[in-house]
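What the coordinates show
Chain by chain, the residues run as shown.
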Amino acid sequence: MYFLTPTKIVERGMKGMGIEQKKIPEMVEELFEHQANSLRALQAKHQKPIIGFTFQSPEDQFIRKLLTHGIPVLSAPERAVRAMAALVHYTRLRRKIAP
């Protein structure tokens, strides 16, 4: 999953919608909290991993929120693919040796 919501873009969009500047930080926090909770709930519901990647800094507010909610976010799509492949390999090994 590619996480493309840099904080600055969200803030700029809210400002463009005419939202008062002083309300924007709280609204951004609420939005990112909701998105992170939704992804965590989706992962739990389907019992499938979500691995993300982004070209944004790990210091970005949204990326930090995802990480604190247990959603791994890697710095390149290739790294995310290798991580997912490792999970598939691990699952196959476990199935082979499970009684």
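In this text, all values refer to a predicted model and were calculated from it rather than measured experimentally. (Residues numbered from 1 in each chain as written. Predicted model: local features only at pLDDT ≥ 70, side-chain atom pairs only at ≥ 80, totals over all residues. Heavy atoms only, no water.)

1. As for the packing of aromatic side chains
Applying the stated criterion across every chain yields a total of two aromatic pairs. Look at Phe32 and Phe62: their rings are 4.8 Å apart centre to centre, the planes differ by 35 degrees, and that puts the pair in the tilted class. Of the two residues, Phe32 sits in helix α2 (residues 24–46) while Phe62 sits in helix α3 (residues 61–68), which places them 30 residues apart along the sequence. Each member of the pair Phe32 and Phe62 is classed as buried. On the basis of an interplanar angle of 80 degrees and a centroid distance of 5.9 Å, the ring pair of Phe53 and Phe55 is categorised as edge-to-face. (Phe/Tyr/Trp six-rings, centres within 6.5 Å; stacked < 30°, edge-to-face > 60°. Helix = DSSP H or I, 4+ residues; strand = E, 2+ residues; numbered from the N terminus. Buried < 20%, exposed > 50% of the residue type's maximum accessible area, 1.4 Å probe, protein only.)

2. Focus: the nonpolar core
Among the nonpolar cores identified, the biggest contains 15 residues, and Phe3 and Leu66 are the most heavily contacted of them. Residue assignment for this core shows that the elements contributing at least two residues are α1 (7–16), α2 and α3. Considering every element that reaches this core, the biggest residue donor is α2, with five residues. Not counting residues within four places of it along the chain, the set of residues in contact with Leu66 comprises Phe3, Ala36, Leu39, Ile71 and Val73. (Core = buried A, V, L, I, M, F, W, Y, C linked by side-chain atoms within 4.5 Å. Contact = heavy atoms within 4.5 Å.)

3. As for α1
Thr7, Val10 and Met14 are the residues of α1 that are buried. For α1, the arc enclosing every buried residue in end-on projection is 65 degrees, short of the 170-degree limit, so these residues lie on one face. Facing away from the buried surface of α1 by more than 90 degrees, the exposed residues are Lys8, Arg12, Lys15 and Gly16. In this structure, the buried side of α1 is in contact with α2 and α3. Just past α1, the residue Gly18 takes up positive phi, approximately 90 degrees. (Arc of directions from axis to C-beta.)

4. A short note on the environment of Arg40
Topologically, Arg40 is positioned in helix α2. Judged by its relative accessible area of 40%, Arg40 falls in the partly exposed class. With 18 residues separating them along the chain, Arg40 and Pro58 place their C-alpha atoms 18 Å apart. Apart from residues no more than four positions distant in its own chain, Arg40 is found in contact with His69 and Ile71.

Purely geometric stuff here, so don't read any function into it on its own.
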